[in-house]
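# Summary of the model geometry
So the chains spell out like this:
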Amino acid sequence: MLTFTFLGTSSGVPTLQRNVTGLVVQAAGARDWFLIDAGEGTQQRLLKTGHSLRSLQAVCITHVHGDHCYGLPGLLASAGMAGRTEPLTLVAPLAVWNWLVATRECTDLHLPYEVRHVDSALQPVVWQAGGVCITAHPLRHRVDCHAFGVEVKRETERLDTTAVRATGLPPGPAWKALQTGQDVEFANTVLRSADFVEHKTQRVRAVFGGDNADPSMLRATCADAQVLVHEATYTQKVLEHVGPGPMHSSAQRVALFAQVAGVPHLVLTHFSQRHHNGEGMAELETEARTHYQGQLWMAHDFDVFELDEQGQLHRIHSELNDEGHEQE
Ligand SMILES: [Zn+2]
Ligand SMILES: [Zn+2]
């Protein structure tokens, strides 16, 4: 019901293996999509995944640090050059908006479409349309920073064909009418659509964190979520070595929180470049597994995940082979 694609999984700077943060979120099967964060180089990544800038509904920026937003002006400019005319929603702290306004002015950037700013600090529901609801949740970081909760809801109607058949009504347009909410006259009685149609609402929810020193800030919003995507910039040892200044999380800190909160699926991302080699990633993963018994993934660029209607998470695409190396 919901898919998400990692465009970048590195913190601070890009490396050969990993770009800085960017993530595509999409209701499964939909053309429309949402972007969470736009680090430098995000539009290059999107050329590879094939997401059209004309179908982009909203960009949600967690915070003003460059590894999360330096790709934004270029991406907006390219959307204009691709002929976009529909308005675009930008969910972001005021600092990002002010920077974008200044950049547009200083670089003579004229967009052929309107960018509508929604301040993530001012309202909890930042997007609601087309069965997708996005909410913003404050985090603890050096600057104003928000996580985004994404809920996808789908209503389905199923005709109880056994019950309809039992009335003797022959299959055909009358069945279709019952299914679409119309009552039908048959054999001197009225068959009420409501008696034969079963309405079902399916709902899934994932929480996408920004930079954050305190995962417990997400306790309430994680209560009904099947997935938490969260930064694990360092191992606990490195975090203690660098001190509290950067205000990031260790793998241990996130894992402990996810375990207590009972989140069934945890995806870690935003890794410091010192951990990008095989050994460093294995260390982060082992540390997380020590404290978390749910299903754990370490995100890699271009990984695609799908959250199905049962609330189960699957990695449906990866560029890595079994040994963890990039495929040729
Ligand atoms: Zn960051
Ligand atoms: Zn940051």
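Relevant structure appears above.
What comes next is a walk through the structure. Not measured: the values here are computed from a predicted model.

The rules behind these values
- Residues numbered from 1 in each chain as written.
- Chains lettered and ligands numbered in written order.
- Predicted model: local features only at pLDDT ≥ 70, side-chain atom pairs only at ≥ 80, totals over all residues.
- Pairing = 2+ DSSP bridges.
- Helix = DSSP H or I, 4+ residues; strand = E, 2+ residues; numbered from the N terminus.
- Axes fitted to C-alpha atoms, helices over the stretch in contact; angles between N-to-C directions.
- Buried ≥ 20, exposed ≤ 12 C-beta atoms within 10 Å, placed from the backbone.
- Contact = placed C-beta atoms within 7 Å.
- Arc of directions from axis to C-beta.

## Focus on the sheet that holds strand E12 (residues 197-208)
Across the sheet, which stays open at both edges, the seven strands sit in the order E7-E8-E9-E12-E13-E14-E15 with mixed pairing between neighbours. Two strands close off the open sheet at either side, each with one partner strand: strand E7 (125-129) and strand E15 (295-298). Taken pair by pair, the neighbouring strands of this sheet meet at an average axis angle of 15 degrees, ignoring direction. In terms of strand pairing, strand E13 (residues 227-231) meets strand E14 (residues 265-269) through five bridges, oriented parallel.

## Re the environment of Val64
Tracing the sequence through the fold places Val64 in the loop between strand E4 (56-60) and helix H2 (66-69). For Val64, a count of 19 C-beta atoms within 10 Å gives the class partly exposed. Sequence spacing of Val64 and Met281 is 217 residues, and the spatial spacing of their C-alpha atoms is 27 Å. If we ignore the near neighbours within four places in the chain, the residues touching Val64 are Cys69, Pro93, Ala95, Val96, Trp99 and Val143.

## Regarding the pairing of E13
Counting buried positions along E13 yields five of five residues, so the element is predominantly enclosed. Judged by which residues are buried, E13 turns out to be covered on both faces: Val227, Val229 and Glu231 on one side and Leu228 and His230 on the other are all buried. Sheet analysis places E12 next to E13, joined by three bridges and oriented parallel. Pairing of Phe208 across the sheet is with Val229, part of E13.

## Some remarks on helix H3 (residues 72-81)
Looking only at H3, the buried set comprises Leu72, Leu76 and Ala79. Seen from one end, H3 has its buried residues packed into an arc of 55 degrees, which puts them on one side. At the C-terminal side of H3, Gly83 shows a positive phi close to 95 degrees.

## Observations concerning unusual backbone geometry
Positive phi is not limited to glycine here, since Asn188 has a value of about 60 degrees. Position of Asn188 relative to the elements: it lies in the loop between strand E10 (184-186) and strand E11 (189-191). Since 5 C-beta atoms lie within 10 Å of it, Asn188 is described here as exposed. Residue Phe302 is not a glycine yet carries a positive backbone phi of 75 degrees. Using a count of 19 C-beta atoms within 10 Å as the deciding quantity, one classes Phe302 as partly exposed.

## Things to note about the sheet that holds strand E3 (residues 33-38)
Across the sheet, eight strands lie side by side as E6-E5-E4-E3-E2-E1-E16-E17; this open sheet has mixed pairing. Bordering the open sheet on either side are strand E6 (115-119) and strand E17 (313-317), each of which pairs with just one other strand. For this sheet, the mean inter-axis angle between neighbouring strands, taken without regard to orientation, is 25 degrees. Bridge analysis of strand E2 (residues 22-27) against E3 gives four bridges, and the strand direction is antiparallel. Each bridged residue has a counterpart across the sheet, and for Val25 the counterpart in E3 is Phe34.

Purely geometric stuff here, so don't read any function into it on its own.
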